[in-house]
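Observations on the model geometry
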Amino acid sequence: MRKVRLVCLLLVWSRVALAQDFDRIKRNPYYVWGEGFSADVQLADDAALHDLISQISVSVDVTTETSITNEQVYGEVHSSVITSGDIKSGSNVTLTNCKRLVSDEGGVYRVLRYIDRAEIDKMYADRKTKIRDLVSFAQHSLEELRLGSALRNYYWALKLINALPDDQQNSLRDANDMPLSNHISSQIATVLDGVQITPLQRVSADDNVLQTLSFTYRGAPVVECDCDYFDGYTWVCASVKDGIGSVEIPTTTAALSLRIEYEYPKLWKSDPVVEQVLGHNPSKLPFRQYAKRIALRPEQAVADVLPAAKELTKAAQVDSLGVCSKKEVKSVASVVAAVLDALENRRYETARDYFTAEKLIKYGKAVVVARPELQVTAFENGFLCRGVKASFAFPNNHKRFVEDLVFYIKDGRVDGLNFGLEQTTMNDILQHDMWNDTSRLVLINFLECYKTAYALERLDYLDAVFSDDALIIIGTQLPHTQRSEVATLNQSQYKYTQLSKSQYIERLSKIFAAQEFVNIQFEDAVVKKTGRNNERYQIILKQNYYSTTYADKGYLFLLADLSNPALPIIHVRVWDADKNDLMNYAEWNY
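Residues numbered from 1 in each chain as written. Predicted model: local features only at pLDDT ≥ 70, side-chain atom pairs only at ≥ 80, totals over all residues. Heavy atoms only, no water.

Turning next to the overall build of the protein chain. When helices and strands are tallied, the protein chain shows 14 helices and 26 strands. Within the span of the protein chain, comprising 590 residues, buried residues form 52% of the whole. Excluding contacts between residues fewer than 6 apart, the proportion of contacts in the protein chain whose partners are at least 24 apart in sequence is 64%. (Helix = DSSP H or I, 4+ residues; strand = E, 2+ residues; numbered from the N terminus. Buried < 20%, exposed > 50% of the residue type's maximum accessible area, 1.4 Å probe, protein only. Contact = heavy atoms within 4.5 Å.)

Before going further, it helps to examine the sheet that holds strand 5 (residues 99–105). In spatial order, the strands read 1-6-5; together these three strands make up an open sheet with antiparallel pairing. Sheet topology places strand 1 (31–38) and strand 5 at the edges, where each strand pairs with a single neighbour. This sheet shows a mean twist of 15 degrees between the axes of neighbouring strands, independent of strand direction. Here seven bridges tie strand 5 to strand 6 (residues 108–116), and the two strands are oriented antiparallel to one another. Across the sheet, the residue bridging to Arg 100 is Arg 113, located in strand 6. Running over the sheet, helix 3 (residues 117–143) touches strand 1 and strand 6 and is turned about 60 degrees from strand 6. (Pairing = 2+ DSSP bridges. Axes fitted to C-alpha atoms, helices over the stretch in contact; angles between N-to-C directions.)

Pairs of packed helices are described in terms of their axes, by the angle between the two and the distance that separates them. For the pair helix 3 and helix 4 (residues 147–162), the least separation of the axes is 8 Å and the interaxial angle reads 160 degrees. One element, helix 3, and the other, helix 4, form an angle in the roughly antiparallel class. Judged by the twist between their axes, the crossing of helix 3 over helix 4 is left-handed. Listed contacts from helix 4 to Arg 127, Lys 130, Ile 131, Leu 134, Val 135, Phe 137, Ala 138, Gln 139, Ser 141 and Leu 142 of helix 3 are Leu 147, Ser 149, Ala 150, Asn 153, Tyr 154, Trp 156, Ala 157, Leu 160 and Ile 161. Of the residues in the contact of helix 3 with helix 4, the class split is 13 nonpolar, four polar and two charged. (Parallel < 35°, antiparallel > 145°, perpendicular 65-115°, else oblique. Left-handed = near helix turned anticlockwise from the far one by under 90°. Nonpolar A, V, L, I, M, F, W, Y, C, P; charged D, E, K, R; others polar.)

On inspection of all chains with the given rule, the structure shows zero disulfides. Left without a disulfide partner, Cys 237 is nearest to the cysteine sulfur of Cys 227, which lies 8.6 Å away. (Disulfide = S-S within 2.5 Å.)

Let's shift gears to the pattern of salt bridges. Under the criterion given, the structure shown has 25 salt bridges. Between Asp 45 and Arg 100 there is a salt bridge, with the nearest N and O atoms lying 3.3 Å from each other. Taken as a pair, Asp 45 in helix 2 (residues 41–56) and Arg 100 in strand 5 lie far apart in primary sequence, 55 residues in all. For Asp 45, a relative accessible area of 0% gives the class buried. (Salt bridge = Lys/Arg side-chain N within 4 Å of Asp/Glu carboxyl O.)

Between its first and last C-alpha atoms helix 4 spans 22 Å; for 16 residues at 1.5 Å apiece the expected length is 22 Å, and the two agree. Of all 16 residues in helix 4, 15 are buried; the element is thus mostly enclosed. (Expected span 1.5 Å × (residues − 1).)

In structure tokens:
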């Protein structure tokens, strides 16, 4: 009996102590807390989180209906507040170091969720830092006429601002002390309104017509952006590169409906903070300026209005990086012009005669859309020829890309074919005028070969360029939700895995087999030589990755030895969501 009484006394004492802990936390002004009761501990916990979040989220009108959902994701509590009714607003918060107390009071669980107010202040401070970073990225992209990147970052920043409480929103001001949200909204509207779209040539595309479009902003070609257009049946995604885009439409189309992309929902998951907010509150903020109506001329005869082979050959020029004679330029240009004519007229057997091997493009349905002037460069016992843009479409996907074609001509035939870098990315490399022309050209060619290898699924090339002992680290986004206890540390939403060369090549083979297309675009090339007298480079690139079922953005670090341009060697390949983290690999000793 004495043992039973002792146990009972201990239980009573324990419950009293726990109750005192509950009361102590609730009375402490440094904590924000929420409380929940239920016969199920998980339901009690959800109710406590609901109560807690409702106190630190945006205030809502009493006439609205409020829905608060809570998720525990890798050590953090993610909560989404959605209100609807007379007022529509939303808030998303991520709570780090959110603690809890649980007591069993006669079959009913009592859960107290609480967090230090300093943690909430830090949470909002981090969110505002992220917003300012996005605005800075957007402004930099706008200066470079990367309108897709500019619009995306502006819009994401605006959505993050709208998810803050009113007092936190008001603290974000622009250089003129105006609300930052007003400045961003004005910038998005101005950019969308300023995009000018002009129809160019029309060429046959099976039963339809391929209409090439010019995209300019303030009189200059748009480096990159995305858009949707209505092809008479559905909305199709299209990309713009260096001022050129293309749409495939019925021949009789008199006016084209087009929408400039600014939301980029497929890329939300590539940024954990953006995904926390936009993923839970995906309602689109409308900007009417994104809709365009372009008058066309369906009565115009559909013909090949691109320069004829003879004209193209006459207009060919020597590239600034290469030295070759007029005779060599003319010879190279005539080969490329003949190949283009054969491709455009679907005379594939004729085109094959100009190739040293089976190197015809098998990447989607290719149509040449622009070839204003060929640029010929002497390179590695042959010649590189630029100046051709082609549009690519895929039968099972509503997506169309524009890519530059770079021909490698050797002994009068096409010995290689790559997709070119964007002009701004090339400029990032060309600005290193302390390097000789050959070094810069070798680096550009390497990145174009690397990019093309993924698009054309050239596993043999990738297997050859990676060193057998290469350091390869990939980033994989973790599943969106996972039930777990609330941890005290913020954990990354990406899992980084080191792979051997064979493991990486095997992984790529599975990706290529599962995807109808892979397309990679590089931006913001930061390049550094590892020594004055060698051809070894540290390369950091912003990479935009698109495939049939997946898209993301992040940063790629490559450590490559280009001493032998015909056989470059990659010693380190690391992908990371954060550019700053890549600096850790800059001193990798190989």
